[in-house]
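# Report on the structure
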Amino acid sequence: LDTDGNAGWEDTGTGATNGNLTLSSATTPIAVTDSGHSGINAAYDLSTGLTNTGTSLNNVTGNLSDEDTSVELWFRDTDSFTGNKVLWETGQAAGQGASLTLTGSTLDWRVRESALNGGTISIDLSDILDPTELNDFIQVVAVYDRDGGGGTAPTNNQIRLYVNGQEVSGSALTQLDI
């Protein structure tokens, strides 16, 4: 949350600064007056190429990539779901990372634990949301559930995706054939 309007999202979950994100250039939130969600009254326009930086989840205290982790985003696509957009990503050059991307109206949640192990969930938002919901802010929660499935590591790790409070898909991570 950017509760103090300083062009940065502060990590409110851990009480530390591990999850803080700083926008690459000074910007101010844009007032939102047309959302059906009463709690959303400002947003950042990231379509201008604005980026943010923060610490990779692999490098924060406690290494969240080794723990159950969830990422929650609220976004509104004002481009009528055209083009490719990175909503959130984290990772490092060693092949580990995760991302939430939007290609047209298809939302992808990708997790890669190593060069040989990972998974992807893809869901077409136009198949599960009505036009009114597509034109408003959409809540997405992406979950990495370490050791959440049956079997043995590494294929017992799970990823799940929630849209507007409903689980839309889940999958075990698998060995990648690369």
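For the structure, see preceding data.
Residues numbered from 1 in each chain as written. Predicted model: local features only at pLDDT ≥ 70, side-chain atom pairs only at ≥ 80, totals over all residues. Heavy atoms only, no water.

### Comments concerning the overall build of the protein chain
- If you tally the helices and strands in the protein chain, you get two helices and 14 strands.
- The contacts of the protein chain with a sequence gap of at least 6 include a subset with a gap of at least 24, amounting to 46%. (Helix = DSSP H or I, 4+ residues; strand = E, 2+ residues; numbered from the N terminus. Contact = heavy atoms within 4.5 Å.)

### A look at the sheet that holds strand 13 (residues 166–172)
- Taken together, the four strands give an open sheet; going across it, the order is 6-11-12-13, and neighbouring strands pair in antiparallel fashion. The strands lining the two open edges of the sheet, one partner per strand, are strand 6 (69–75) and strand 13. Strand after strand, the sheet turns through a mean of 15 degrees between neighbouring axes, direction not considered.
- Where strand 11 (residues 138–145) lies against strand 12 (residues 158–163), six bridges are found, and the strand directions are antiparallel. Counterpart to V141 in the pairing with strand 12 is Y162. (Pairing = 2+ DSSP bridges. Axes fitted to C-alpha atoms, helices over the stretch in contact; angles between N-to-C directions.)

### Some thoughts on the packing of aromatic side chains
- Scanning the entire structure with this criterion turns up one aromatic pair.
- Geometrically, the ring pair formed by W88 and W109 is tilted, given 6.4 Å between the ring centres and 45 degrees between the ring planes. You can see W88 sitting in strand 7 (residues 84–91) and its partner W109 sitting in strand 9 (residues 106–114), a full 21 residues away along the chain.
- Classification of W88 by relative accessible area gives buried; the value is 15%. (Phe/Tyr/Trp six-rings, centres within 6.5 Å; stacked < 30°, edge-to-face > 60°. Buried < 20%, exposed > 50% of the residue type's maximum accessible area, 1.4 Å probe, protein only.)

### Focus on the nonpolar core
- Counting 23 residues, the largest nonpolar core has L100, L107, W109, L125, I138 and L161 as the members making the most contacts within it.
- Counting residues per element, the ones that place at least two in this core are strand 6, strand 8 (97–103), strand 9, strand 10 (117–124), strand 11 and strand 12.
- Sequence-distant contacts of L100, defined by excluding residues within four places in its chain, comprise L73, K85, V86, L87, W88, L107, D108, W109, V140, A142 and L161. (Core = buried A, V, L, I, M, F, W, Y, C linked by side-chain atoms within 4.5 Å.)

### As for the side chain of T101
- Within the element layout of this structure, T101 appears in strand 8.
- Only 2.9 Å separates the side chain of T101 from the side chain of R110, close enough to count as a polar contact. (Polar contact = N/O pair within 3.5 Å; in protein donor to acceptor, adjacent residues only side chain to side chain.)

### Examining unusual backbone geometry
- The phi dihedral of S80 falls on the positive side, at around 55 degrees, and the residue is not glycine.
- As for its position among the elements, S80 is in the loop between strand 6 and strand 7.
- Look at F81: it is not a glycine, yet its phi comes out positive at around 55 degrees.
- Structurally, F81 is set in the loop between strand 6 and strand 7.
- Accessibility expressed as a relative area gives 15% for F81, which makes it buried.

### Section: the pattern of salt bridges
- Applying the stated criterion to the full structure yields five salt bridges.
- With a closest N to O distance of 3.1 Å, D34 and R76 form a salt bridge. Remark: R76 occurs in the loop between strand 6 and strand 7 and D34 occurs in the loop between strand 3 (30–31) and strand 4 (42–43); sequence separation between them is 42 residues.
- Among the residues examined, R76 registers a relative accessible area of 24% and is labelled partly exposed. (Salt bridge = Lys/Arg side-chain N within 4 Å of Asp/Glu carboxyl O.)

### Let's talk about the environment of A142
- Of note, A142 is situated in strand 11.
- Here the alpha-carbon distance between A142 and L73, two residues 69 residues apart in the chain, equals 8.6 Å.
- Ignoring any residue separated from it by four or fewer positions in sequence, one finds A142 in contact with T69, S70, V71, L100, W109, R160 and L161.

### Let's talk about the side chain of D145
- Locating D145 in the fold gives a position in strand 11.
- A relative accessible area of 16% means that D145 is categorised as buried.
- At 3.1 Å, the side chain of D145 and the side chain of R160 are in polar contact.

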